[in-house]
Amino acid sequence: MTSPEPSAPVPPLSGDTSAVVGWTAALRVMNVTKRFHTGREIVTAVDDVSFDVREGEFLSVIGPSGCGKSTLFKIIGGLLGGFSGEVRVGGRSIQGPHRDIGMVFQEESTFPWRSVLDNVAFPLEASGMGRAERLDRAAHFVSLVGLKGFERRFPSELSGGMRQRVAIARTLAFNPKILLMDEPFAALDEQTRYLLGDKVLQIQQATKQTTLLITHNIGEAVQLSDRVLVMTYRPGRIKAVVEVDLPRPRSDDVITSDAFARHVAGLWRNLKEEASRGLAESEALVSGGAG
Amino acid sequence: MAQGASLAAVVAVWAAVVNARLFPGDIVPSPAAVAGRIVGLALSADFYGHLRVTAAEIAGGLALAAVAGILLGVAIGARPLLRRAYEPWLHYLAPTPKIVFFPVMLMLFGVGAASKVSLATLGAFFPIVLGTISGVREMDPVLVQVGRGFALSPYRMLTMVYVPAIRAALVNAVRLGFGVAVVVVLLAETKLSSAGIGYLIIDAYRHFDMPLLAALVLVLFGLAILANAGLARLARHGAPAVSR
Ligand SMILES: Nc1ncnc2c1ncn2[C@@H]1O[C@H](COP(=O)(O)OP(=O)(O)OP(=O)(O)O)[C@@H](O)[C@H]1O
Ligand SMILES: [Mg+2]
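The structure displayed is predicted, hence computed values, not measured ones.

Looking at the sheet that holds strand β1 (residues 25-38) of chain A
All names here are of chain A. In space, the four strands of this open sheet follow the order β2-β1-β4-β5, with antiparallel pairing throughout. Each having just a single partner strand, β2 (41-54) and β5 (92-93) make up the two edges of the open sheet. Bridge count for β1 against β2 is ten bridges, and the pairing is antiparallel. Bridge pairing in β2 links R28 to D52.

A look at the site of ligand 1
Residues and elements named next belong to chain A. Neighbouring residues of ligand 1: 14 residues in total, closest S65, G66, S70, T71 and R234. Interatomic distance of 3.2 Å between a backbone N/O atom of C67 and an oxygen atom of ligand 1. Secondary-structure elements contributing two or more residues to the shell around ligand 1 are β1 and α1 (69-76). The element that contributes the greatest number of residues to the shell around ligand 1 is α1, accounting for three residues. Taken together, the residues of the shell around ligand 1 sort by class into three nonpolar, eight polar and three charged.

A closer look at the interface of chain A and chain B
Of the residues lining the interface, 28 residues belong to chain A; the matching set on chain B comes to 21 residues. Approximately 2100 Å² of surface area, both sides summed, lies buried where chain A meets chain B, with 70% of it carried by carbon and sulfur atoms. Summed over the shared surface of chain A and chain B, the number is zero salt bridges. In this assembly, chain A and chain B are joined by one residue pair in polar contact (both at pLDDT 80 or more). Of all elements in the fold, only β6 (101-104), α2 (116-126) and α4 (160-173) of chain A reach the threshold of two or more residues within the side of chain A that touches chain B. By residue number, the principal contributor to the side of chain A that touches chain B is α2(A), which donates four residues. By residue class, the composition of the side of chain A that touches chain B is 14 nonpolar, seven polar and seven charged.

A few points about the packing of aromatic side chains
Scanning all chains against the criterion turns up eight aromatic pairs over all chains. A centroid spacing of 6.1 Å and a plane angle of 45° characterise the contact between F122(A) and F150(B), whose relative ring orientation is tilted. Note that F122(A) is positioned in helix α2 and F150(B) in the loop between α7 (141-149) and α8 (154-165), a pairing that runs across two chains. Overall, F150(B) belongs to the buried group, its relative accessible area being 6%.

Observations concerning the domain arrangement of chain A
Residues and elements named next belong to chain A. Domain boundaries in chain A define domain 1 (24-50 + 67-90) and domain 2 (99-211). Taken together, the contact between domain 1 and domain 2 spans ten residues of the former and twelve residues of the latter. Between domain 1 and domain 2 the total buried area reaches about 900 Å² when both faces are included, carbon and sulfur atoms providing 78% of it. The interface formed by domain 1 and domain 2 holds one salt bridge in total. A salt bridge links K69 to E183; the shortest N-O distance between them is 3.7 Å. Put simply, domain 1 and domain 2 have two residue pairs in polar contact (both at pLDDT 80 or more) between them. Elements represented by at least two residues in the side of domain 1 that touches domain 2 include exactly β1 and α1. It is α1 that contributes the most residues to the side of domain 1 that touches domain 2, five residues altogether. Partitioning the side of domain 1 that touches domain 2 into residue classes produces six nonpolar, two polar and two charged.

Re helix α4 (residues 80-93) of chain B
Helix length check: α4(B), at 14 residues, gives a terminal C-alpha distance of 20 Å against a target of 20 Å (1.5 Å per residue), a fit within 8%. Remark: the principal bend of α4(B), roughly 35°, maps to Y86(B), with a proline, P88(B), within the next four residues.

Observations regarding the packing of α2(A) against α8(B)
Closest axis-to-axis distance for the α2(A)/α8(B) pair is 11 Å, and the angle between their directions is 160°. Comparing their axes, α8(B) and α2(A) come out roughly antiparallel. In the crossing of α2(A) with α8(B), the sense of the turn from one axis to the other is right-handed. Counting all contacts with α2(A), which are made through F122(A), E125(A) and A126(A), the residues of α8(B) involved are R156(B), M160(B) and V161(B). When its residues are assigned to classes, the contact of α2(A) with α8(B) shows four nonpolar, no polar and two charged.

Quick word on the sheet that holds strand β9 (residues 227-231) of chain A
Residues and elements named next belong to chain A. Taken in spatial order, the six strands of this open sheet run β6-β7-β8-β3-β9-β10, and their pairing is mixed. In the strand order of this sheet, the two ends are held by β6 and β10 (238-243), each with one partner. Averaged over all adjacent pairs, the angle separating strand axes in this sheet is 15°, with direction ignored. Those strands touched by α1 are β3 (58-62), β6, β7 (178-182), β8 (210-215) and β9, and its axis lies near 150° from that of β7.

Some details on the pattern of salt bridges
Pairing of side chains with opposite charge becomes possible as their charged atoms draw close. Residue and element names in this part refer to chain A. Following the criterion strictly, the structure yields 14 salt bridges over all chains and no others. Across the pair E190 and R193 runs a salt bridge, and its minimum N-O distance is 3.7 Å. In this pair, E190 and R193 are both assigned in helix α5 (residues 190-207), three residues apart and thus about one turn of the helix distant. The class for E190 is partly exposed, based on a relative accessible area of 40%. Here R193 falls in the buried class, since its relative accessible area comes to 9%. Here the salt bridges do not stand alone but share partners, grouping R114, E125 and R134 into one network.

Cut-offs applied
Sequence order as written defines residue numbering, which begins from 1 separately in each chain. Following the order in which they are written, the chains are lettered starting with A and the ligands numbered starting with 1. Only residues with pLDDT of 70 or above have their local features reported here, since the model is predicted, and side-chain atom pairs are shown and tallied only from 80 upward, although totals for entire chains, interfaces and linings are computed over all residues. Just so you know, side-chain values use all the structure's heavy atoms and leave hydrogens and water out. One requirement defines pairing of two strands: DSSP has to find at least two bridges between them. Under the scheme used here, helices are H or I runs from DSSP no shorter than 4 residues and strands are E runs no shorter than 2 residues, and both carry numbers assigned from the N terminus. Near, as used in this document, describes a residue that has one of its heavy atoms within 4 Å of the molecule or strand being considered. Within 3.5 Å is the distance limit for a polar contact, defined as a pair of N or O atoms, with the added protein rule that one can donate a hydrogen and the other accept it, and that residues adjacent in sequence qualify only through two side-chain atoms. Gly is put with the polar residues, along with every residue not named as nonpolar or charged; the nonpolar set is Ala, Val, Leu, Ile, Met, Phe, Trp, Tyr, Cys and Pro, and the charged set is Asp, Glu, Lys and Arg. The criterion used for residue contact is that any of the two residues' heavy atoms lie within 4.5 Å. Buried area: the accessible surface (1.4 Å probe) lost by two parts on joining, summed over both. Any carboxyl oxygen of Asp or Glu within 4 Å of a side-chain nitrogen of Lys or Arg constitutes a salt bridge here. Two aromatic rings, drawn from Phe, Tyr or Trp (for Trp, its six-membered ring), form a pair once their centres lie within 6.5 Å of each other, and the interplanar angle then sorts them: stacked below 30 degrees, edge-to-face above 60, tilted otherwise. Whether a residue is buried, partly exposed or exposed follows from its accessible area with a 1.4 Å probe, protein chains only, as a fraction of its type maximum: under 20%, in between, or over 50%, in that order. Residue ranges labeled as domains rest on an automatic or database domain assignment. Given a helix with a known number of residues, its expected span is that number minus one, times 1.5 Å. Working definition for bend: take the seven residues up to and ending at a residue and the seven starting at it, fit an axis to each, and measure the angle between the axes. Interaxial angles span 0 to 180 degrees and are taken between N-to-C directions of axes, which are lines fitted to C-alpha atoms, for helices over the stretch in contact. Orientation is classified from the angle alone, with under 35 degrees giving roughly parallel, over 145 giving roughly antiparallel, 65 to 115 giving roughly perpendicular, and any other angle giving oblique. Left-handed describes a crossing in which the near helix is turned anticlockwise from the far one by less than a right angle; the clockwise case is right-handed.

Structural data, given as structure tokens:
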């Protein structure tokens, strides 16, 4: 429009504090829209989504099932093309997978033919690091996620929660500038989820790891995040940005505090409408109403 | 044990047939005569020279087919569009007898080893490429995404993700390819060549040396059994249970 700047800043979002000085964006998602063309209909999975992840920040994106979270995850990770808008890391527009971003997937993703240690050493091996050095580094990350003593085990000999820890350790060993996780705890039971969440929280607080977590779990988002982005259901837009001002460093007893409960309630009010819309739509589909 | 007994039974029947003179003695030689020729073969340097030629032709063809089959198989298998375009053709072409291409290979590569190697490559390529494609199709797609997410080079994607992920399918495909390569090389050697086990067989036939012919065939059986057992062992080795 009238701006002479080719790289003009994104229009501010509601609740966006980018005008406040004192932080830099590690990751910028700018007006990203993704449509899927299936048979007869076009699904807008992500609709004009813009946000920044600040250096050292823990940001969560929360939204009901099917709202486009994994789609956004794959776009940011460089695994999915054919979208409009832009994703920038360190000021540069990304084209495809990027060394600065480390991904943890929603699905089981350990390599079944590799031991725990060799799984974690995978990205180091891929970047050409020598055997002794990479196994050494991998051992460090294995113990960081609490799997010391399981180095020689294979994924088939571990529980689901342990496998997910292997996947997280593997991505941490990659030493990315930005840790990008898609519902890494979704398949776990509630207790394991909180404990593993706390593990990630402690690691993140110790290393100031910039983290973008995608989740549909409200408690998890509050427990871990500095800010939470709430996404709408179909099309996936950003509805609200919620600051979680629980004090840091946080420990695992944060989840029993009153402030935690207040934040959970606040987020639920934001999400309720979206979740019910998602549910109603899928019910309509089931009853054969949709054509 | 049972295998040893069955072998002994076959030899006994064979000896009985010869003793009963059901066939002229010079067409079906006695087990003793054949055993003598096998020992003779085992002691002749000449035989090992021919064996090396045949083994090298098979190994060369199999190696080329494995490289081409795995590279193309992964390239095609990983892309649904290419898979739909090429997989049916490969399936149609796979069972056609590759020996019909022998005259072409002779013209292109001459009567030496190169024409046999190229024929073996062609024959072994189909089972290997098809096995690779189906292996890639069955594999867990998230493993590919993990590799891509770590920004792996195409070479590392192949060696660190695809090949280990489809290892079982690959070993089976290479075994099938080996079988085809053996058949094609021996057939080609009997048709037109100056070296190799197939050449020795057809040469024995030309000189009507039936004990030698039988000895060569038996040695060949023995070697094929050994090679297959070796490949089967390869299949069982390595990674533990891949299921979760
Ligand atoms: N490859 C695809 N082709 C067509 N439609 C797709 C494809 N991938 C996703 N979609 C659609 O896009 C929408 C968003 O999917 P996505 O996987 O991003 O949701 P999600 O928020 O991650 O859900 P969940 O919480 O259940 O994992 C869904 O309606 C889905 O059906
Ligand atoms: Mg998802």
